[in-house]
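# Structural overview
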Amino acid sequence: MRTVLISGGGIAGPALAFWLHHHGFAVTVVERGPGLRPGGQAVDVRGVALDVVERMGLLEPARRVRTRMWGMSVLDADGKELSRSTEATFSSGRLDSDDFELLREDLVRLVYERTREDVEYLFGDTIIALDEDEAGVRVDFERAASRTFDLVIGADGLHSTVRRLAFGPEERFAHHLGSYLSVFSADNFLGLEDWQVWLSDGDIGYGIMAVRDNTELRVAFGFESEPLPRDADALRRTIVERLASLRWEGKRLAQAALDAPDFYCDAMAQIRMDRWSQGRVALLGDAGYCPSPLSGQGTSLALVGAHVLAASLAGAPDAHAAAYARYEERMRDFVALNQSLATEHQGGPAPEAAMAHAKNALSLDG
C-alpha cells in the first residue's frame, strides 16, 4: 500500500486524506498544533466545491452548522448606518444562493471526524527535514522518530514548512497585497442577532458577525500596511492600538482583541509558483496557490484541489510525476481565475459574474 504524509491539519490536508484513503492509500497527517485549531473567519463553500463536500458525505452536516444571517449594515466611522441589505452580505454573497458559509473551525471538525478512524494523525509535531531517494522520502520530525513515505504533500498554509524545505524560501513565492487581516472572537456585547455590521475609517475597517446562536461575535479587522515582521505579539499590539483609535466601539474591540484566545493576524498575500511539485513532494491549497482571503475562494480551492490531486494519484499510483503533472494541468486555470478575484477587485467584492465564472471553472470529472 502506498504511503503518503500530509503536512497540515486544517481543511486541505484532512480533505486530501479523506480522498487518498478512499483510493486505497495509507495516510498520515502531521499538524504542528496540539489539536484542531479553534477560531478563524467564516469561510465559503462555493460552486464545484459543493460537489466535493457532497461526495464526502458532508453537505448536510455542513449546512446544519452554516451561518444564518438575515443581512448586514454598513456604518460610517461614528457608527451611523449608511445602508443595509437583507439580500446579500459582504462575507458570503447573496443569501439566496446555494453556496453557503460556515465557521472555519466547524468545517475543520467535520472533515477531521470523517477521517480520524482511517487516517493517522500526529498532533503537536512538524517536519524538520526531507531527504528523497529512489525508495521514497525520509522525513525527520521535530518529535516523532524519522520515517520514510512514498509521497509527501504540503498542505500547511501560507507559511508552508514543506514548501520551504522542498522549493526554497517563502520570499520567492509570496506576493504581498498591501494589507493585513486579523480575526478573533468576543462576547456578543453588540447584541447582534443573525446580523453583521461593516465599518470603514480611512485605511482601516472591520466586519463583525454574530455566531454560535448569537452568543459570540466573530470580528475580522483589516488595515493597509507594507509587510511587517512576523512577530505574533507585535502584530497583536498593532491591532489593539489601531482598534482603540476607532471612534465607534474601538475600545471594547481593542480589549476583545487583547483578551481573545483565538487571536489571528497575518498578511494578505498570494503564493504564486511555476510548479507545485518537486520529485515526490507536492503542494496543495494555500501552500501552493494561496489566493488570500480577499478572494473568498481559499476554502473552495483547497477542497477542489484535494479531490483533483487524490484522483490524479489514484489514476497513476506508481507514477507520481505523471499524477502531479495531471493535477497541475487540471488546476492551473482554475487557480488563476480565483486568484484574480483578489488582485483585480481589491477595492471590494468581486462582481457576481466574475465570481460565478471562477467558482465553476472546473469539472470534477474532467
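Residues numbered from 1 in each chain as written. Predicted model: local features only at pLDDT ≥ 70, side-chain atom pairs only at ≥ 80, totals over all residues. Heavy atoms only, no water.

### A look at the pairing of strand S16 (residues 204–211)
For S16, a buried count of 8 out of 8 residues is recorded, marking the element as mostly surrounded by other parts of the structure. A two-sided burial pattern is seen for S16, the buried positions comprising Ile204, Tyr206, Ile208 and Ala210 on one face and Gly205, Gly207, Met209 and Val211 on the other. Taken together, the 6 bridges between strand S15 (residues 195–201) and S16 define a ladder with antiparallel strand orientation. Each residue of the ladder has a partner; that of tryptophan 198, found in S16, is glycine 207. Across 8 bridges, the pairing between S16 and strand S17 (residues 216–224) is antiparallel. What sits directly across from methionine 209, in S17, is arginine 218. Hairpin remark: S16 followed by S17, antiparallel, with 4 residues in the connecting loop; positive phi at arginine 212, about 55°. (Buried < 20%, exposed > 50% of the residue type's maximum accessible area, 1.4 Å probe, protein only. Helix = DSSP H or I, 4+ residues; strand = E, 2+ residues; numbered from the N terminus. Pairing = 2+ DSSP bridges.)

### Points about the packing of aromatic side chains
Between two aromatic rings, the relevant description is the distance of the centres plus the angle of the planes. Throughout the structure, instances matching the rule amount to 10 aromatic pairs. Ring geometry for tryptophan 276 and tyrosine 289: centres 4.5 Å apart, planes at 50°, overall tilted. Of this pair, tryptophan 276 sits in the loop between strand S18 (264–271) and strand S19 (277–278) while tyrosine 289 sits in helix H8 (residues 286–289), and the two are 13 residues apart along the sequence. Each member of the pair, tryptophan 276 as well as tyrosine 289, carries the same accessibility label: buried. What links up through ring pairs into an aromatic cluster is the set Tyr112, Tyr121 and Phe123. The ring centre of tryptophan 276 lies 4.0 Å from the NZ or CZ of arginine 332, which sits over that ring. (Phe/Tyr/Trp six-rings, centres within 6.5 Å; stacked < 30°, edge-to-face > 60°. Lys NZ or Arg CZ within 6 Å of the ring centre and 35° of its normal.)

### A word on helix H2 (residues 48–55)
Those residues of H2 that sit buried are Val48, Ala49, Leu50, Val52 and Val53. Downstream of H2 by a residue or two, glycine 57 has a phi angle that is positive, lying close to 75°.

### Focus on the sheet that holds strand S9 (residues 120–123)
Taking strand neighbours across the sheet as the criterion, the 6 strands line up as S9-S2-S1-S13-S20-S19 in an open arrangement whose pairing is mixed. Across the chains shown, the open sheet's two edge strands, defined by having one partner strand only, are S9 and S19. The sheet contact formed by strand S2 (residues 26–31) and S9 spans 4 bridges and is parallel. Paired with threonine 28 across the two strands is glutamate 120, which belongs to S9.

### Notes on helix H9 (residues 298–315)
The terminal C-alpha atoms of H9 lie 26 Å apart, and with 18 residues this matches the ideal 26 Å at 1.5 Å per residue to within 8%. By the criterion of burial, H9 is predominantly enclosed, with 14 of the 18 residues buried. (Expected span 1.5 Å × (residues − 1).)

### What to know about the packing of helix H1 (residues 12–22) against helix H4 (residues 104–115)
Across the interface, H1 lies against H4 with an axial gap of 9 Å and an inter-helix angle of 30°. With respect to each other, H1 and H4 are oriented roughly parallel. Where H1 crosses over H4, the handedness of that crossing is left-handed. Between H1, through Pro14, Ala15 and Phe18, and H4, the contact on the second element is made entirely by Val111, Arg114 and Thr115. Residue composition of the contact of H1 with H4, grouped by class: 4 nonpolar, 1 polar and 1 charged. (Axes fitted to C-alpha atoms, helices over the stretch in contact; angles between N-to-C directions. Parallel < 35°, antiparallel > 145°, perpendicular 65-115°, else oblique. Left-handed = near helix turned anticlockwise from the far one by under 90°. Contact = heavy atoms within 4.5 Å. Nonpolar A, V, L, I, M, F, W, Y, C, P; charged D, E, K, R; others polar.)

### Quick word on the sheet that holds strand S10 (residues 127–133)
Backbone hydrogen bonds are what pair the strands of a sheet, in a parallel or an antiparallel way. Taken in spatial order, the 3 strands line up as S10-S11-S12 in an open sheet, and their pairing is antiparallel. If you trace the sheet from one side to the other, it starts and ends with S10 and strand S12 (147–149), each paired once. Taken over all neighbouring pairs, the strand axes of this sheet differ in orientation by 30° on average, direction set aside. Pairing of S10 with strand S11 (residues 136–141), which is carried by 6 bridges, proceeds in the antiparallel orientation.

Just distances and angles here, no functional claims.
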